[in-house]
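So the chains spell out like this:
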Amino acid sequence: MPNAMFFSNTGDRPDLAKLEVNPPEGYIGFAIAPKYEVADKSGSLWYFPLTADSAAQTGRSPGVAPTAVQIASTHTSFSCAELFKRAAMTPDELTQIGDEAKAEVALTRHAKRSVLAAIEALVATATVGGTPADTTFDAASFLVQIQDALDATKGHGGKTVLVAGAATLRKLVQKLLAEESVGPMLARVVSGTAPNVATQGLSLAAWKAALQTLAGVDDVLIGDSAVWSAGSNAGRIAIGRISTGEDQLDHKYEAVFAKTVLFLPKGAETEWSVRVVADEINQNNYVDATIWAAVKTLNAGAMYVIDGVA
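Residues numbered from 1 in each chain as written. Predicted model: local features only at pLDDT ≥ 70, side-chain atom pairs only at ≥ 80, totals over all residues. Heavy atoms only, no water.

1. Section: the side chain of D288
Relative to the helices and strands, D288 resides in strand 12 (residues 284-297). Reaching out from D288, the side chain makes a polar contact with the side chain of R86 at a distance of 2.7 Å. Those residues in contact with D288 that lie beyond four places of it in its chain are K85, R86, S273, V274, R275 and V277. (Helix = DSSP H or I, 4+ residues; strand = E, 2+ residues; numbered from the N terminus. Polar contact = N/O pair within 3.5 Å; in protein donor to acceptor, adjacent residues only side chain to side chain. Contact = heavy atoms within 4.5 Å.)

Take a look at the structure:
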């Protein structure tokens, strides 16, 4: 029978709930659909829709009121779903680590990463997977397609972005480099006069910066290939406008693309619930990580999808 010291102490763990499990660049979901915390698991989400521009009025007759374009908020319903993961470790395995605290951190990281990957998949579906492609990729017309995307999404709030899975982005770069007109322009951005400078252009970070310059967008977001370059997302990129994330309430006055609605229990410091459980019957230790979330597309016109990169 394992010694009691090799069992965790059962209870809620706010310290583990606040544990950072991955650098921000590890997931791009919250960058595309920023967090919006709510006090109820379901309800109505009021947001600002895009109102199309209209021609300025001319030739108004004296004493006649101007013609007004009425601008108003609208709403959609949301229902946060429970997303959870349990990670387990036997007391014998805990002795290999030699530190109960380190074991709990390791279990928490695994559980929270699994939940974050689920949210990432929801955002990816809303961004590239669930939207019919607006056009099919053509390397020779890529710059025109980018401009078409920026024109189609103008008026929406936030910053301009190009979104792609890592595997899709590499294929995009490969196809652009092979194109006789666009290829030299892209290569010129990352080339250098000295060998040690030029070799830096072989990195994914260099191609990301080059595409940002070539496409003329504020940022290029690269997602995990297992999520963003798989299934119905394969071969797709998106160009559009997303919330900067600086104001959690910007969807109330700007026509932003999407938000991730997160249930935040009253008095809680984070939307995460992490509970450590010691199971002396089955002789196991568990860490349960839970979050309640819903990814809501508010202005679908803020994203333009290009298919056929693969």
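This is not the end of the story, as more comes after the structure.
2. Some words on the pairing of strand 10 (residues 258-263)
Extensive coverage of strand 10 is indicated by the burial of 6 of its 6 residues. Side chains A258, T260 and L262 project from strand 10 onto one buried face, and the interleaved K259, V261 and F263 project onto a second face that is buried too. Bridge count for strand 10 against strand 12 is 5 bridges, and the pairing is antiparallel. By the bridge assignment for strand 12, A258 is matched with T297. (Buried < 20%, exposed > 50% of the residue type's maximum accessible area, 1.4 Å probe, protein only. Pairing = 2+ DSSP bridges.)

3. Remarks on the sheet that holds strand 9 (residues 237-242)
Strand order in the open sheet formed by 5 strands is 6-13-9-7-8, and the pairing between neighbours is mixed. The open sheet is flanked by strand 6 (135-136) and strand 8 (219-223), the only strands paired with a single partner. Pairing geometry for strand 7 (residues 159-165) and strand 9, over 6 bridges, is antiparallel. What sits directly across from V161, in strand 9, is G240.

The values are spatial; any link to function lies outside them.
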